[in-house]
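Per-entry structural report
Chain residues, written in single-letter form:
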Amino acid sequence: MKKTFVKALAIIFATVSLAGSAFAAKKTKTKVIYVGVGYESDFSYLDEKGNLAGYEIDMLKAIDEALPQYEFKYETSDLKGILLGLSSGKFDIGLKQYESNEERRKNYLFSENGYLCYDSYIQVLSSRNDIHSLEDLQGKTIIGGSTVGSAMGTLLENKNKELPPEKKYKIVYAKMTAEELIASLKNGSIDASTSTKALFRKRVEQYGNVVKLVGKEPVRKSDAYVLFNKKQEQLKKDFDEVLNNLIKTGKLSEISIKALGYDYKDN
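Note that the coordinates shown come from a computational prediction; the quantities given were computed from them, not determined experimentally.

Moving on: the pairing of strand S13 (residues 223-228). In terms of burial, S13 is a largely internal element, five of the six residues being buried. Two strands pair when backbone bridges link them, and strand S5 (residues 93-98) and S13 are joined in this way by three bridges, in the antiparallel orientation. Among the inter-strand pairings, Gly94 is bridged to a residue of S13, identified as Leu227. Pairing of strand S6 (residues 109-110) with S13, which is carried by two bridges, proceeds in the antiparallel orientation. In the sheet register, Leu109 faces S13, and the bridge partner there is Phe228. Where strand S7 (residues 116-117) lies against S13, two bridges are found, and the strand directions are antiparallel. Bridge assignment links Cys117 to a residue of S13, and that residue is Asp223.

Right, here's the structure in full:
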């Protein structure tokens, strides 16, 4: 009887201990991190059920899984809204293919490494043989991006400061669909745009060989980075450790190939 009682107590203590351990493990993920993400690109979008999906979301989930002290909660917004949310403290993390520039570096913390290659190449009609470099576009019209302050537009505007009036780039800022872009190239309202390799491949798949990329090297080398609220230094440090490991082990390439159909380094 005594042995039975002792055995019963042991079982109770073991059960309590396991429950306590499980509770402690559950309690390790205590800090809620608010993440601002896009919802209308190939990298982050709402699927047919209205759930967030895409390469950026899959990457974030992998990082969240490796950081039990945090719990990521997502909210969708546009490019400007995410930046405003980061500045106000509404968001702790923000990503929507943000490239680096001096102004953003002043206002936000950046991930140590980029998570998406964003090299830009000149894109023209396949029938054009007079444009092979940025120098050939001097005095001509080129899309600088969807809004003033975009990375490509800033590069062109800086070049314009050193060019005589007749050679300055005529920079157009416009958010165009693929159809609108091709139509503008065809009617001559613009001479060129810039594109990543992935976007170019997508246009060729949809519309055939109507456009081409010129030049062996990109006109601007860049990556997309994860941004953080200025006060989130520890979060950035923890996030960087996991992201860098995903890159080092090749896991990030696996995530991008599964989500996008190609390696994030070949965008």
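Taken together, the three strands give an open sheet; going across it, the order is S11-S8-S12, and neighbouring strands pair in antiparallel fashion. The open sheet has two edge strands, strand S11 (193-195) and strand S12 (211-214), and neither has a second partner. For this sheet the average axis-to-axis angle between neighbouring strands, irrespective of direction, equals 45°. Two elements, strand S8 (residues 121-125) and S12, share four bridges in a ladder whose sense is antiparallel. Note on S12: the bridge partner recorded for Leu125 is Val211. On the sheet, helix H6 (residues 178-187) packs against S8, S11 and S12 and is oriented at approximately 65° with respect to S8.

This brings us to the nonpolar core. Ranked by internal contacts, the top residues of the largest apolar core, which has 33 residues, are Tyr55 and Ile93. The set of elements that each furnish at least two residues to this core consists of strand S1 (31-37), helix H2 (55-65), strand S4 (70-76), S5, S13, helix H8 (233-249) and helix H9 (251-260). Not counting the four nearest positions on each side in its chain, Ile93 is found in contact with Ile33, Tyr34, Val35, Gly36, Phe72, Leu86, Val226, Leu227, Phe228, Leu235 and Phe239. Listed in part, the 13 residues of the second largest apolar core include Val124, Ile142, Met152 and Ala192.

The phi angle at Gln97 is positive, at roughly 55°, despite the residue not being glycine. When you line up the elements, Gln97 lands in strand S5. Residue class for Gln97 comes out buried when judged on its relative accessible area of 11%.

Put simply, H2 and H9 touch, their axes get as near as 9 Å, and they point 145° apart. The interaxial crossing formed by H2 with H9 has right-handed handedness. Across the interface between the two elements, Tyr55, Asp58, Met59 and Ala62 from H2 touch Leu252, Ile255, Ser256, Ala259 and Leu260 from H9. Grouping the constituent residues of the contact of H2 with H9 by class yields seven nonpolar, one polar and one charged.

Within the structure shown, the criterion is met by 11 salt bridges. Residue Lys90 is joined to Glu75 by a salt bridge in which the shortest nitrogen-to-oxygen separation is 2.9 Å. With Lys90 in the loop between helix H3 (79-88) and S5 and Glu75 in strand S4, this pair connects stretches of sequence that are 15 residues apart. In this structure, Glu99 engages Arg220 in a salt bridge whose closest nitrogen and oxygen atoms are separated by 2.6 Å. Here Glu99 is found in the loop between S5 and helix H4 (102-107), whereas its partner Arg220 is found in the loop between S12 and S13, with 121 residues between them in sequence. Per residue, the accessibility class of Glu99 equals that of Arg220, and both read buried. Bridged by salt links that share partners, the residues Arg128, Asp130 and Asp191 form one connected network.

So, how was this worked out
- Residues numbered from 1 in each chain as written.
- Predicted model: local features only at pLDDT ≥ 70, side-chain atom pairs only at ≥ 80, totals over all residues.
- Heavy atoms only, no water.
- Buried < 20%, exposed > 50% of the residue type's maximum accessible area, 1.4 Å probe, protein only.
- Helix = DSSP H or I, 4+ residues; strand = E, 2+ residues; numbered from the N terminus.
- Pairing = 2+ DSSP bridges.
- Axes fitted to C-alpha atoms, helices over the stretch in contact; angles between N-to-C directions.
- Contact = heavy atoms within 4.5 Å.
- Core = buried A, V, L, I, M, F, W, Y, C linked by side-chain atoms within 4.5 Å.
- Left-handed = near helix turned anticlockwise from the far one by under 90°.
- Nonpolar A, V, L, I, M, F, W, Y, C, P; charged D, E, K, R; others polar.
- Salt bridge = Lys/Arg side-chain N within 4 Å of Asp/Glu carboxyl O.

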